[in-house]
Structures are given as structure tokens and as C-alpha cells.
Amino acid sequence: MPELPEVETIKRGLERDIVGQKIIEVEVRAPKLFIGESAKLINEPIEKVWRRAKVLIIQTKRFSALIHLKMTGQLIYKGKEIVIGGHPDKLYLQPLPHNHTHIIFKLSGGTLYFNDLRKFGWVKVFNKTDDIDELIHAVGPEFDSPTFTLKYFSEKLAKKKAITIKQLLLDQSIVAGIGNIYADEILFASKIHPLTKVKDLTKSQIKKIFDNIPKILNLAINSGGSSSQTYRQIDGKMGTYLEIAKVYKREKLPCKICKTPIKRIKIAGRSSHFCPYCQKSS
DNA sequence: CACTTGACCTGTCCGC
DNA sequence: TGCGGACAGGTCAAGT
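The sections below set out a description of the structure shown in this document.

What counts, and at which threshold
Residues numbered from 1 in each chain as written. Chains lettered and ligands numbered in written order. Predicted model: local features only at pLDDT ≥ 70, side-chain atom pairs only at ≥ 80, totals over all residues. Heavy atoms only, no water. Helix = DSSP H or I, 4+ residues; strand = E, 2+ residues; numbered from the N terminus. Buried < 20%, exposed > 50% of the residue type's maximum accessible area, 1.4 Å probe, protein only. Polar contact = N/O pair within 3.5 Å; in protein donor to acceptor, adjacent residues only side chain to side chain. Pairing = 2+ DSSP bridges. Expected span 1.5 Å × (residues − 1). Bend = angle between axes of the 7 residues up to and from the residue. Contact = heavy atoms within 4.5 Å. Salt bridge = Lys/Arg side-chain N within 4 Å of Asp/Glu carboxyl O. Axes fitted to C-alpha atoms, helices over the stretch in contact; angles between N-to-C directions.

Some remarks on the side chain of N180
Moving on, step 1. Along the chain, N180 turns up in helix α5 (residues 180–189).
Moving on, step 2. N180 sits in the buried class, given a relative accessible area of 9%.
Moving on, step 3. Polar side-chain contacts of N180 include one of 2.7 Å to the side chain of K166.

Okay, structure coming up:
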């Protein structure tokens, strides 16, 4: 599920709702998804919540709990005063906990539920002092970091030969946080065909992509992310980015610019959406 | 070394 | 209604 904008939205929700609380109990229903000792977190006050790439970090006085939501992970928070009511969703947001609730964090002021339909996600506990970048596999700079410059981006691209620009944007070691939705949206905004080989991109095309990365990601963050199926904000609300998406999940629908039907093709196993008229280069 | 292909899981949807 | 296959926000290890 979540790409950077979704994880960032969840991070902001957690920041608002759980920082300052104490972890009272951790119930691990699916041991496979919890790496490390859950007992370490008990009685720990939550000092900070932050994000690196698509990984959330709940930092307590002594430890860091890293959380990856992969495709279908959710974090839902229920404060004590909130009555858990019925929900329109069949599966993804039934009254909690439900069959897909795998880890439950009981906090001093409420409960945080980790749900994951496909069980790809995980929670790992490390010491607070551990270097997060060493714990996350080959992760590049954040899109809004001062180290993510046009020069850096161009140099990285120059080292790639055969792969397409779509695949490159999904490579977390180049720039962290872009996934399938926003890769397609960034390429539409840049008017570049997703199958274009990286080596065939012109300087001005590279610049366009570089400029559209923060533009699209910030727009998505401001929309609270994209709720395609399972993604929800921590209070259960959906993100609204898909309402303004130009190509993702819009196969056969008219392009919002030129009315040409949007196409969907497979690139390296992932579906890719584009406008065959607006994104001609390939 | 650069790049591609499955595997990890469980569910929904679509065509026959 | 049932059955098979494709598909779903992401990584990774193993294979070529």
C-alpha cells in the first residue's frame, strides 16, 4: 500500500495522537510480523514519531519501533473516548480488532491497531541509538533533502543503461518513497512515456522529472494520500489523491488534458498508466 | 555487476 | 453459482 505520502500522513496522525503516551502492553497475534522483543516496549514513553522512506519509526525513551506497511498494512488509532462503531468497509475497517489485526499496542490513552490483509508488513524493534539508514535496505535520499539535487539525480541516471524511467523511479536507492501510483503520476506531469529508457532521456526531461517529484509528492501529502483499497489514515479517513490523479487507475478513461483514453501496460511486473498522446516519447 | 523473476499472503473482480 | 486467472500502494533473494 502506502507510498511516501501515505506513510507521511500516518506519521502526522501518530504525531498528533500518540506522542507523549506510554506503551502499556503489546499484543502480538502474528509473531512472524514482529521482529525483536515486544516486551522491551512496555512502560516506554513515546517521545517521537518520524519517517524514513516508507518506514515509520515510533521512538520511545530507549527504543525505536520500525514499521513497514508494505502493500496492505494499516495503523488505526482509537482514543479511549471514541466509541467504535460499524463501518461501511467490508474487510478493511471492521470493528477492531478483526481477523487481519496482527499487533495491538495498548497505550495509556488509547489503542493502536496494526492490520495487514496480506501480512507483508512488519514491526522491528531496535535500540534508539541504532542508525536507521543501516537498518533499511539500500535507501536513497528523501525527496526534500538537501542532498537530493539535480546534479545527484542526473549522475545516478547516467549510471543506468537498460532500465526504463518507470523502473528507475521505483528504485528506492535513487530517491526514497516513490511507488507505483506516484511514479505514474510524476511521468504524466513530465509528459514522458514510462517505457522511455533512462539513457535516452534528454537533460530537460531529467529536469522535468526532478521538478515533478516534489510537486506530486507534496500534492499527495496535502491530499492525505491515495486510498485505493486498504489504505486509511489513522482515524479511518480515506486519502483523496485518487480524485485528482491524472492517470493512475484511470485505464480507458479520458485523459484530463486531451481526452485520449488512458492506457495501462505492464512494466517489470507492475501496471503502468499513461496517456498515449500526452506522453509520446519512448 | 546490472537486470529480471518469483516469492511472500489474502482478498476482489471479471470472464466463462 | 462456481472456478480459474489476473490483479493489488512493496520489497528482496535468487537466478540469468
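Topic: the pairing of strand β10 (residues 263–267)
Moving on, step 1. With five bridges connecting them, β10 and strand β11 (residues 270–274) associate as antiparallel partners. Within β11, the residue paired with R264 across the bridge is H273.
Moving on, step 2. Here β10 folds back onto β11 in antiparallel fashion, the turn holding two residues, of which A268 has a positive phi close to 50 degrees.

Examining helix α6 (residues 203–222)
Moving on, step 1. An ideal rise of 1.5 Å per residue puts 28 Å on 20 residues; α6 measures up with 29 Å between its terminal C-alpha atoms.
Moving on, step 2. Remark: the principal bend of α6, roughly 25 degrees, maps to N212, with a proline, P214, within the next four residues.
Moving on, step 3. Within the span of α6, buried status applies to Q205, I206, I209, F210, N212, I213, I216, L217, A220 and I221.
Moving on, step 4. Buried residues belonging to α6 abut α1 (4–17), α3 (150–158), α4 (165–170), α5 and α7 (241–244).

Digging into the pattern of salt bridges
Between side chains of opposite charge, pairing is possible as soon as their charged atoms come close.
Moving on, step 1. Summed over the entire model, instances satisfying the criterion amount to 19 salt bridges.
Moving on, step 2. Residue E8 pairs with K11 through a salt bridge whose shortest N-O separation is 3.5 Å. Separated by three residues within a single helix, E8 and K11 lie in helix α1, roughly one turn from each other.
Moving on, step 3. Of the charged contacts in the structure, one is a salt bridge between K160 and D171, with a shortest N-O distance of 3.8 Å.

Quick notes on unusual backbone geometry
Moving on, step 1. The omega torsion across L96 and P97 is -5 degrees, close enough to zero to call that bond cis.
Moving on, step 2. Along the chain, P97 falls in the loop between β6 (73–79) and β7 (101–107).
Moving on, step 3. Even without a glycine there, the phi angle at K249 is positive, about 65 degrees.
Moving on, step 4. For K249, the position within the fold is in the loop between α7 and β10.
Moving on, step 5. K249 gets classed as partly exposed once you look at its relative accessible area, which sits at 47%.
Moving on, step 6. In the Ramachandran plot, K259 falls in the positive-phi region, its phi being about 75 degrees despite a non-glycine side chain.
Moving on, step 7. Examined against the element boundaries, K259 turns out to sit in the loop between α7 and β10.

Quick word on the sheet that holds strand β1 (residues 23–28)
Moving on, step 1. Here we have four strands laid out as an open sheet, ordered β1-β7-β8-β6, and antiparallel in their pairing. Strands at the two margins of the open sheet, each flanked by one partner only, are β1 and β6. Each strand axis lies, on average, 15 degrees off the axis of its neighbour in the sheet, ignoring direction.
Moving on, step 2. The sheet contact formed by β6 and strand β8 (residues 110–116) spans seven bridges and is antiparallel. In the sheet register, L75 faces β8, and the bridge partner there is F114.

Quick word on the environment of L253
Moving on, step 1. Along the chain, the position of L253 falls in the loop between α7 and β10.
Moving on, step 2. Between the alpha carbons of L253 and K263 there is a distance of 8.6 Å; along the sequence they are 10 residues apart.
Moving on, step 3. When neighbours within four sequence positions are excluded, L253 is seen to be in contact with T260, P261 and I262.

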